[in-house]
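Spelled out, the chains give:
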Amino acid sequence: MASALMKATRKLGRVGKDAFKFRFTTLYESVDMSCLKGWRPSSLTVRWSRGGRVVCSKPGRISQKDDSGQCQVTWDPPDEQELIVTLYKETRSEDFDEKEYKFQVEDESGGGKKKVLAVFYINLANYSSRGAESEELLSMEFKCSSVKVKSVVATVRLRCQFLKEGKSDDDDMISTFSAVDNAHDFEDDDAEDSMSQSEIQPSNSLVSEESHILNLVDKQQTNVEKEHCQKTQQEKEEPQQLPTGQSSTLLATAGCTY
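Since we're looking at a predicted model, the values are computed, not measured.

1. Comments concerning the overall build of the protein chain
When helices and strands are tallied, the protein chain shows four helices and twelve strands. When the 258 residues of the protein chain are sorted by exposure, 33% land in the buried category. Within the protein chain, counting contacts between residues at least 6 apart in sequence, those at least 24 apart form 72% of the total. Looking at the protein chain as shown, the accessible area adds up to about 16200 Å², and 47% of this sits on carbon and sulfur atoms.

2. Some words on the environment of Val152
As for its position among the elements, Val152 is in strand E10 (residues 149–167). Through-space distance from the C-alpha of Val152 to that of Met33 is 4.6 Å; in sequence the pair is 119 residues apart. Setting aside chain neighbours within four positions, we find Val152 in contact with Val31, Asp32, Met33, Val105, Ala118, Met140, Glu141, Phe142 and Cys144.

3. Examining the side chain of Lys17
For Lys17, the location among the structural elements is in the loop between helix H1 (2–14) and strand E1 (18–35). Judged by its relative accessible area of 10%, Lys17 falls in the buried class. Side-chain polar atoms of Lys17 contact the side chain of Asp97, separated by 2.6 Å.

4. What to know about the packing of aromatic side chains
All chains considered together, the criterion is met by nine aromatic pairs. With centroids separated by 6.0 Å and ring planes inclined at 45°, the aromatic side chains of Tyr28 and Trp75 adopt a geometry described as tilted. With a gap of 47 residues between them, Tyr28 in strand E1 and Trp75 in strand E5 (residues 70–89) connect regions that are remote in the sequence. Each member of the pair Tyr28 and Trp75 is classed as buried. Note on Tyr28 and Phe103: the rings are 6.4 Å apart at their centroids and 80° apart in plane angle, and the pair reads as edge-to-face. Here the residue Tyr28 occupies a position in strand E1, and Phe103 occupies one in strand E6 (residues 100–108), the gap between them amounting to 75 residues. An aromatic cluster of at least three residues, connected via ring pairs, comprises Phe20, Phe22, Phe24, Phe96 and Phe162. Note that Arg50 overlies the ring of Tyr101, its terminal NZ or CZ placed 5.5 Å from the centroid. In this structure, Arg130 is placed above the aromatic ring of Phe20, and the distance from its NZ or CZ to the ring centre is 4.9 Å.

5. Re the pairing of E6
With six bridges connecting them, strand E2 (residues 44–50) and E6 associate as antiparallel partners. Among the inter-strand pairings, Leu44 is bridged to a residue of E6, identified as Asp107. Two strands pair when backbone bridges link them, and E6 and strand E7 (residues 114–123) are joined in this way by nine bridges, in the antiparallel orientation. Opposite Val105, over in E7, you have Ala118 as the bridge partner. Between E6 and E7, which pair antiparallel in sequence order, lie five residues; one of them, Gly112, sits at a positive phi of approximately 90°.

6. A short note on the pairing of E5
In this sheet, E5 lies alongside E1 in antiparallel orientation, the contact comprising 16 bridges. What sits directly across from Lys21, in E5, is Thr86. In this structure, strand E4 (residues 61–64) lies alongside E5, joined through four bridges in antiparallel fashion. Following the sheet pairing, Gln64 is matched in E5 by Cys71.

7. Brief notes about unusual backbone geometry
The amide bond that connects Asp76 to the next residue, Pro77, takes the cis arrangement and shows omega of 5°. For Pro77, the location among the structural elements is in strand E5.

8. Points about the environment of Met140
Within the secondary structure, Met140 is located in strand E8 (residues 134–141). Distance in space between the C-alpha atoms of Met140 and Val119 is 9.7 Å, their sequence separation being 21 residues. Each residue touching Met140, except ones within four places of it in the same chain, is listed here: Phe103, Phe120, Ile122, Val152, Val153, Ala154 and Val156.

9. Here we look at the confidence of the model for the protein chain
With 58% of its residues at a pLDDT of 70 or more, the protein chain shows a mean pLDDT of 75. Model confidence for the protein chain, summarised as mean pLDDT per element, is weakest for helix H2 (residues 197–200) at 33 and strongest for strand E9 (residues 143–144) at 98. Low pLDDT, under 50, characterises residues 178–207; the stretch is placed with 36 contacts to residues that sit more than four places away or in other chains. A low-confidence stretch, residues 246–258 (pLDDT under 50), is modelled with one contact involving residues beyond four sequence positions or located in other chains.

Conventions used here
- Residues numbered from 1 in each chain as written.
- Predicted model: local features only at pLDDT ≥ 70, side-chain atom pairs only at ≥ 80, totals over all residues.
- Heavy atoms only, no water.
- Helix = DSSP H or I, 4+ residues; strand = E, 2+ residues; numbered from the N terminus.
- Buried < 20%, exposed > 50% of the residue type's maximum accessible area, 1.4 Å probe, protein only.
- Contact = heavy atoms within 4.5 Å.
- Areas by Shrake-Rupley, 256 points an atom, 1.4 Å probe, with all protein chains shown as cover.
- Polar contact = N/O pair within 3.5 Å; in protein donor to acceptor, adjacent residues only side chain to side chain.
- Phe/Tyr/Trp six-rings, centres within 6.5 Å; stacked < 30°, edge-to-face > 60°.
- Lys NZ or Arg CZ within 6 Å of the ring centre and 35° of its normal.
- Pairing = 2+ DSSP bridges.
- pLDDT = per-residue confidence, 0-100.

Okay, here's the thing in structure tokens:
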């Protein structure tokens, strides 16, 4: 229910905005880690996500530099993943609205459990390009979320390719991943989520708020369509304005006709 409410709120904020579709591609080259002495990851991957859309890299090759806990994970050739993302902006603005995605460095144990070791957030609006295809080499300094790691830095190439322009309510302007992975089973280092069933159930006020926002979305879309129709009708009804010289000539001719 909370997810549906957030979607309705985002939809309301995008009414009347211009939409631009891009293809973003990541090429994972390496991840340098400083771990606790005597420990290193078993099978490391990078997870790229926004909401329920998830795509994961292939496991990288792990090599330990020394006994101090320094290790490096590499992909040769670089592991390539892509997503299609839609960015929105006001018609008169040059800047896109923020759109944040999350990268997670994960370790998968022998039992199939995945632990999140570190996270990194990125606003893809900062890397969009409506011109030629662009590419940037990023050094991502992750925030550690496990006591087993001290620092995590990933070297990633990020490409951006502009695809098309449209409106926020166009059906074909939806962000998608090239692959979807919803089968993750995560293990928290500190404690499992102990949310009770009563906390999960939506309240009546939340349902009411969601209905109110959805009504606002429909009303806003109706107003935009009505304004467009009124403007079109006014343009049709306005008399055609003739140049001054031409208008005088017509009047003079009309005056000489009997």
